[in-house]
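Letter by letter, the chains look like this.
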Amino acid sequence: MPSISREEQSGVQYSYTEVSTFQISEGNTRNMSPEPVKSGRIFMAAVAANLSAFVVGTTLGWTSPIGPKLKSEDTSDSPLSRPITSDEDAWISSLIAVGALVAPFVAGPMADRIGRKWVLLSSSLFFVLAFGLNMVASEVWILYMSRLIQGFGVGFVMTVQPMYVGEISTDNVRGATGSLMQLFIVGGILYVYAIGPYVSYQALQWCCIVVPVLFDLVFYTMPESPYFFAGKGRKSEALKSLQFLRGQSPEGVHDEMAEIQANVEEAMASKGTVMDLFKNAGNRRALFICAGLISFQQLSGINVVLFNSQSIFTSANTGLDPAIATIIIGCVQVGSSALTPLVADRLGRKVMLLTSSSVMSIGLAALGAFFYMQLVKKDISSVVWMPVPALIIYNIVYCTGFGPLPWAVLGEMFPANIKSVASSVVASTCWTLGFLVTFFYPSLDALGSYYAFWLFAGCMVVAFFFVLLVVMETKGLSLQEIQDRLNGKRN
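Residues numbered from 1 in each chain as written. Predicted model: local features only at pLDDT ≥ 70, side-chain atom pairs only at ≥ 80, totals over all residues. Heavy atoms only, no water.

Participant: Tell me about the overall build of the chain, residues and numbers included.
Facilitator: Check the secondary structure of the chain and you find 23 helices and four strands. Burial analysis of the chain (491 residues in total) assigns 56% to the buried set. Excluding contacts between residues fewer than 6 apart, the proportion of contacts in the chain whose partners are at least 24 apart in sequence is 80%. For the chain, the exposed surface amounts to about 19700 Å²; the carbon and sulfur share of it is 63%. (Helix = DSSP H or I, 4+ residues; strand = E, 2+ residues; numbered from the N terminus. Buried < 20%, exposed > 50% of the residue type's maximum accessible area, 1.4 Å probe, protein only. Contact = heavy atoms within 4.5 Å. Areas by Shrake-Rupley, 256 points an atom, 1.4 Å probe, with all protein chains shown as cover.)

Participant: Mind laying out the side chain of Arg 147, listing which residues take part and the relevant values?
Facilitator: Within the secondary structure, Arg 147 sits in helix H6 (residues 140-168). Buried and unpaired, Arg 147 has Asp 89 as its nearest opposite-charge partner, separated by 8.7 Å. Here Thr 59 takes part through its backbone oxygen, which lies 2.9 Å from a polar atom of the side chain of Arg 147. The residues touching Arg 147, leaving out its near neighbours within four places in the chain, are Thr 59, Trp 62, Thr 63, Ile 92, Ser 93, Leu 95, Ile 96 and Phe 307. (Lys, Arg positive; Asp, Glu negative; His and termini not counted. Salt bridge = Lys/Arg side-chain N within 4 Å of Asp/Glu carboxyl O. Polar contact = N/O pair within 3.5 Å; in protein donor to acceptor, adjacent residues only side chain to side chain.)

Participant: Could you give an account of the side chain of Gln 248, naming the residues involved and the relevant values?
Facilitator: Relative to the helices and strands, Gln 248 is located in the loop between helix H11 (235-246) and helix H12 (254-268). Classification of Gln 248 as buried rests on a relative accessible area of 8%. Residue contacts for Gln 248: discarding those within four places in its chain leaves Glu 35, Pro 36, Val 37, Gln 243 and Val 253.

Participant: Lay out the nonpolar core with the relevant residues and their values.
Facilitator: One finds Tyr 164, Phe 219, Leu 293, Phe 402, Met 413, Phe 414 and Trp 431 to be the most contacted residues of the largest nonpolar core, which totals 131 residues. In terms of residue count, H6 provides more of this core than any other element does, 13 residues in total. Formed by 12 residues, the second largest nonpolar core is a distinct cluster that contains Phe 229, Leu 239, Leu 242 and Met 257. (Core = buried A, V, L, I, M, F, W, Y, C linked by side-chain atoms within 4.5 Å.)

Participant: So what's going on with the packing of aromatic side chains? Residues and values would help.
Facilitator: Evaluation of the coordinates by the stated rule reveals 22 aromatic pairs. Look at Tyr 450 and Tyr 451: their rings are 4.6 Å apart centre to centre, the planes differ by 35°, and that puts the pair in the tilted class. Taken together, the aromatic side chains of Trp 91, Phe 435, Phe 439 and Phe 440 make up a single cluster linked through ring pairs. The cationic tip of Lys 117 hangs over the ring face of Tyr 220; the distance from NZ or CZ to the ring centre is 5.3 Å. (Phe/Tyr/Trp six-rings, centres within 6.5 Å; stacked < 30°, edge-to-face > 60°. Lys NZ or Arg CZ within 6 Å of the ring centre and 35° of its normal.)

Participant: Provide a residue-level description of the environment of Pro 250, including the pertinent values.
Facilitator: Relative to the helices and strands, Pro 250 is located in the loop between H11 and H12. Once the C-alpha coordinates of Pro 250 and Leu 239 are considered, the two residues, 11 residues apart in sequence, prove to be 7.2 Å apart.

Participant: An account of the confidence of the model for the chain is requested, with residue identities and associated values reported.
Facilitator: In this model, the chain carries a mean pLDDT of 83, and residues with pLDDT of at least 70 account for 89%. With pLDDT under 50 throughout, residues 1-31 is counted as low confidence; its partners more than four residues away or in other chains account for 45 contacts. (pLDDT = per-residue confidence, 0-100.)

Participant: Outline the pattern of salt bridges, listing residues and values.
Facilitator: All told, the structure shown has eight salt bridges when counted by the stated rule. We note a salt bridge from Asp 77 to Lys 69, for which the minimum N-O separation is 2.9 Å. Accessibility expressed as a relative area gives 25% for Asp 77, which makes it partly exposed. Residue class for Lys 69 comes out buried when judged on its relative accessible area of 14%.

Participant: Can you tell me about the state of the cysteines, naming the residues and giving the values?
Facilitator: Going through the model one piece at a time under the given rule, you end up with zero disulfides. In this structure Cys 207 is not part of a disulfide, and its nearest cysteine sulfur, from Cys 208, lies 6.8 Å away. (Disulfide = S-S within 2.5 Å.)

Participant: Run through a nonpolar patch on the surface, naming residues and quoting values.
Facilitator: There is a patch of nonpolar side chains on the surface, built from Val 128, Val 213, Leu 214, Leu 217 and Val 218 and spanning about 400 Å² of accessible area. Considering each element in turn, the nonpolar patch owes the most residues, four residues, to helix H9 (residues 201-219). Structurally, the position occupied by Val 128 is in helix H5 (residues 116-136). (Patch = residues over 30% accessible without salt bridge, like charges linked within 9 Å, V, L, I, M, F, W, Y side chains within 5 Å.)

Participant: So what's going on with helix H14 (residues 281-299)? Residues and values would help.
Facilitator: Along an α-helix, a turn takes 3.6 residues, which lines up residues three or four apart on a common side. Compared with the 27 Å implied by 1.5 Å per residue over 19 residues, the 27 Å span of H14 between its first and last C-alpha is a close match. Of the residues flanking the start of H14, the one acting as N-cap is Asn 280, its side-chain oxygen 2.8 Å from the backbone nitrogen of Gly 282. Following H14 by one or two positions, Gly 301 adopts a phi angle in the positive range, close to 85°. (Expected span 1.5 Å × (residues − 1).)

Participant: Which residues make up the packing of helix H3 (residues 86-102) against helix H21 (residues 419-447), and what values do they have?
Facilitator: Axis separation between H3 and H21 bottoms out at 8 Å; the angle between their running directions is 170°. Judged on the interaxial angle alone, H21 and H3 are roughly antiparallel. Packed against H3, whose contacting residues are Ala 90, Trp 91, Ser 93, Ser 94, Ala 97, Val 98, Ala 100 and Leu 101, the element H21 presents Ser 428, Trp 431, Thr 432, Gly 434, Phe 435, Thr 438, Phe 439 and Pro 442 at the interface. Considering only residue class, the contact of H3 with H21 consists of 10 nonpolar, six polar and no charged. (Axes fitted to C-alpha atoms, helices over the stretch in contact; angles between N-to-C directions. Parallel < 35°, antiparallel > 145°, perpendicular 65-115°, else oblique. Nonpolar A, V, L, I, M, F, W, Y, C, P; charged D, E, K, R; others polar.)

Participant: So, H9: which residues are in play, and what are the values?
Facilitator: With 19 residues, H9 extends 29 Å from end C-alpha to end C-alpha; this agrees with the ideal 27 Å at 1.5 Å per step. For H9, the complete set of buried residues consists of Tyr 201, Leu 204, Gln 205, Cys 208, Ile 209, Val 211, Pro 212, Phe 215 and Phe 219. With its buried residues spanning 135° around the axis, H9 presents them on a single face. Set apart from the buried face of H9 by more than 90 degrees, the exposed residues are Trp 206 and Leu 217. (Arc of directions from axis to C-beta.)

Participant: Give me the environment of Gly 368: which residues, what numbers.
Facilitator: Relative to the elements of secondary structure, Gly 368 occurs in helix H18 (residues 349-375). Aside from chain neighbours lying at most four places away, what touches Gly 368 is Tyr 450, Phe 453 and Trp 454.

Participant: How would you sum up the environment of Ile 42? Please name residues and give values.
Facilitator: With respect to the element layout, Ile 42 can be found in helix H1 (residues 39-61). We classify Ile 42 as buried; its relative accessible area is 0%. Linking Ile 42 and Thr 177, residues 135 residues apart in sequence, is a C-alpha distance of 8.2 Å. Once residues within four sequence positions are removed from consideration, Ile 42 is found in contact with Val 37, Ile 168, Ser 169, Thr 170, Val 173, Thr 177, Leu 245 and Arg 246.

Now the structure itself:
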């Protein structure tokens, strides 16, 4: 059975020693049975890391309960002395995307320099500062600054968290752990949906500011990625990290540690740059897949729905309290997102993405049809119920497909030497489109809400064929097998 030689503390080179059998008695040997991997350890670390995604959710859902307070003529529960205009509302909603599209180019290199863990921990500084600014905001520009700073925190998390979770997971649970991000994001969204309408503006900021602090306290106790340690030549720390994550002895993790070390050394032989994303055929294909999935995620209109849920239900005039309808949507998001980790490694990424895109297009088209009928003043009493189930269906399939899976795929598609650069480019693409969609939605909505929802529906039809014809299934494949297939190598 393989074992790993103990390291001296004086800076000597580390080495691995192969021991093929375990001696029982003279002349008799037998192979030791492999130690089982304790997957609970992996999920514990993944859950701790995904508390940062919960914080992201609080910032994404923040505008839904806060927007009506800021737009109200009654400014008693607003930090401002006047209602905000529609243009100011658009900037408050969209500036988070501007920060998030810039931050990846800082977070990616930092993840390679100081580690995935410390970059995730540092993201909390942005969130705490932003919610603190919200408390003292007396002018709209302070809210602008707050949302921009929140965007930096979001960019840090969305860039580095998929890297960390993808690297700590075994092949058979990577789909499940990668899907946790969406569950925690919608959990954070539900948190502010449920609290925001019923507490004061200031109280909601306090409720939000405690979450990043809690994340730091919990995630601080988790190990760094063994891939990061291996890439830095810190083999002893990489071994300890892997032992913790697998719940095994040094002998039990020997083979995986040797594979990680070999993969990292091969990948790091030539340090990746942005140009390497385009020079290598496998990297080009991975970038096209990941950037495409992330683009369609944003073109589904999800941020429009998340940022403006209460306003959408108010416009629909369904007879249901908009705050209650929004909470229902938040509960649906959490429930459906909880299913994804259970089925992602059974059904596969491709099947779930195809289902998601097709059903989302139907839900969006139905919502657009409702607003069209409302505008032309046809009798809509028989379909007044339509917006709630349409958005429920939309959110269910989003949260089981195009919500979590693009990020899960991003975490497993690129080799170690290019992963941080690729994550930065893809995350920046995500938030560039996120900004454009959220900023221009109010203008499109002024022409007629149905234009926006029909446009989103059309994008999801295109997404269906993109997944069908371009996206590669990664279910059950190791990170090395994924690279082999991207580069046209098949066993």
